[in-house]
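Survey of secondary and tertiary structure
Each chain, written out:
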Amino acid sequence: MLRLILCLLSFALPLPSVASERMAGTRAVEVTPMVTGLDAPWAIGFLPGDGVLITEVDGRLLWLNDGALREVSGVPKVWDTGQGGLLDVMVPRDFTESREIFLSYSKPMRGGAGTALGVGRLIDGRLEGFRDLFVMENGSRKGQHFGSRIVEAPDGTLFLTVGERGEGALAQDLSRANGSVLRLNRDGTIPADNPFVDQADALPAIWSYGHRNPQGAALDAEGRLWVNEHGPQGGDEINLVKKGANYGWPRTTYGENYGGGRFAPTTLAGTEPPAHQWTPSIAPSGYAIHSGRLFPELKGAHLIGSLKFDYIAVLSPDLSRETQWQWPETGRVRDVTEAPDGAIWFLSVIDGAAYRIAPAR
């Protein structure tokens, strides 16, 4: 009851608008808190116009519109344990006509929980007719590695990243969704050109496999899918996702056992090496590839949040150079995304806030 009262009070307060001037490399930027008082925020989605959706892990979907923040009803029940809960939100390009909102979440099921993808129509502050499009077949009581980001491909199909749920060997099992990137049609059916549709012992939704825990995903200007994912102890990766490719986990990794000691080679024939890797781990989450709309010097740059070191990693388009934006606001960055106007928004778990980055005036 106390938590509910505090949440209602925080919704009633006016949203802060005081910007702080920070340096992003050689450029002065304004970092403005757009929403505060959030409880473990996970993802941001932009509606046409000024609307913004934010997920909280405990199962709330919040809607910021015209300076007011309210909770959206009709959200599915989630398994709020460990890294599980309400995870990503994706607003499709045709939202104005379809009113559809896509959510990924940890779905309670026999044996624990598994990653799920569902869709509902946002009508008058409620998700109407929410239904699942994909649900992992096997639940687990382990609280880690759900993934899970949703990306709308240029052809309108959906990519969903799925963690291996702490069961590394399953990332090499094509009959299971664990440790994979899935590709689905908007209605949950399987695209006919998925790589394993004709393989009897494979899950036809799989697009790529051998991933550990991909918590960031983005399209570049060419429409190619990139993901970032957590390594064990070292070996966090950026991967350019290719149809049918095996990214090697756990047979190959730059990471090592917790407590020390290597258990796999850094490269292995028949698997795709990472396009970039971090050792030590930065715990990457969230992913944006900037269009250059508001920051021309960042066109094609990869922006990725660090949960461990409290910064936004900014990598050159070819991934050869990295700088960090580290400010008082960048505490445990969970999501990084580009708004329709080209501004960069990010979520700080430590602050419980959504921030907007724009060039200083």
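To keep things clear, this report deals only with the structure shown in the data block. (Residues numbered from 1 in each chain as written. Predicted model: local features only at pLDDT ≥ 70, side-chain atom pairs only at ≥ 80, totals over all residues. Heavy atoms only, no water.)

Looking at the overall build of the chain
Counting secondary structure elements, the chain contains 2 helices and 25 strands. Expressed along its principal axes, the backbone C-alpha trace of the chain runs to roughly 55 × 45 × 40 Å. Looking at the chain as a whole, 57% of its 361 residues qualify as buried. In the chain, of all internal contacts separated by at least 6 residues, the share reaching a separation of at least 24 is 54%. Computed over 34 positive and 42 negative side-chain charges, the separation of the two mean positions in the chain equals 3 Å. (Helix = DSSP H or I, 4+ residues; strand = E, 2+ residues; numbered from the N terminus. Buried < 20%, exposed > 50% of the residue type's maximum accessible area, 1.4 Å probe, protein only. Contact = heavy atoms within 4.5 Å. Lys, Arg positive; Asp, Glu negative; His and termini not counted. Charge placed at Lys NZ, Arg CZ, Asp CG, Glu CD.)

So, the sheet that holds strand β9 (residues 112-123)
The strands that make up a sheet are held in pairs by hydrogen bonds between backbone atoms, and each pair lies either parallel or antiparallel. Strand order in the open sheet made by the 4 strands is β7-β8-β9-β10, with antiparallel pairing throughout. Either end of the sheet is taken by a strand with one partner, and the two such strands are β7 (86-90) and β10 (126-135). Taking the axes of each pair of neighbouring strands and ignoring which way they run, one obtains an average angle of 30 degrees across the sheet. As judged from the 10 bridges shared by strand β8 (residues 100-109) and β9, these two strands associate in the antiparallel manner. Within the sheet, the bridge partner assigned to F102 lies in β9 and is V119. (Pairing = 2+ DSSP bridges. Axes fitted to C-alpha atoms, helices over the stretch in contact; angles between N-to-C directions.)

Side note on empty space enclosed by the protein
Counted according to the given criterion, the structure contains 1 cavity of 30 Å³ or more. Size it by volume and the largest cavity reaches roughly 70 Å³. (1 Å grid on protein atoms, 1.4 Å probe; cavity = no way out; pocket = protein on both sides within 12 Å on 5 of 7 lines; lining within 4 Å. Points joined across faces, edges and corners; volume = space filled by probe spheres on them.)

What to know about the sheet that holds strand β15 (residues 214-219)
Strand order in this open sheet of 4 strands is β15-β16-β17-β18, and the pairing throughout is antiparallel. Each having just a single partner strand, β15 and β18 (276-278) make up the two edges of the open sheet. Ignoring strand direction, the axes of neighbouring strands in this sheet form an average angle of 15 degrees. In the sheet, strand β16 (residues 225-229) pairs with strand β17 (residues 236-240) via 4 bridges, with the strands oriented antiparallel. Bridged to V227 within β17 is N239.

Here's the deal with the side chain of N228
Here N228 is to be found in strand β16. Here N228 falls in the buried class, since its relative accessible area comes to 0%. Residues contacting N228, with those up to four places away along its chain left out, are N213, P214, Q215, G216, E237, I238, P284, S285, G286, Y287 and I304.

With respect to the nonpolar core
Counting 23 residues, the largest nonpolar core has L47, L53, L61, I101 and L122 as the members making the most contacts within it. At the level of elements, β3 (41-46), β5 (61-65), β7, β8 and β9 are the ones that each hand at least two residues to this core. (Core = buried A, V, L, I, M, F, W, Y, C linked by side-chain atoms within 4.5 Å.)

Focus: the layout of surface pockets
Here the largest pocket is characterised by a volume of approximately 1200 Å³. Together, 42 residues line the largest pocket, and A218, L219, I289, T337 and E338 are the ones closest to its centre. Put simply, the parts of the chain that give the lining of the largest pocket at least two residues each are β3, β7, α2 (95-98), β11 (150-152), β15, β19 (284-289) and β23 (333-338). Looking at the lining of the largest pocket, its residues break down into 23 nonpolar, 8 polar and 11 charged. Here the second largest pocket is characterised by a volume of approximately 430 Å³. If you go around the second largest pocket, you meet 25 residues; those closest to its centre are Q83, H230, A283, L307 and R332. Tallied by class, residues from the lining of the second largest pocket come to 9 nonpolar, 10 polar and 6 charged. (Nonpolar A, V, L, I, M, F, W, Y, C, P; charged D, E, K, R; others polar.)

Things to note about the environment of E164
Relative to the helices and strands, E164 is located in the loop between β12 (158-162) and β13 (180-184). E164 gets classed as buried once you look at its relative accessible area, which sits at 2%. Aside from chain neighbours lying at most four places away, what touches E164 is H145, A171, N178, G179, H211, R212 and W249.

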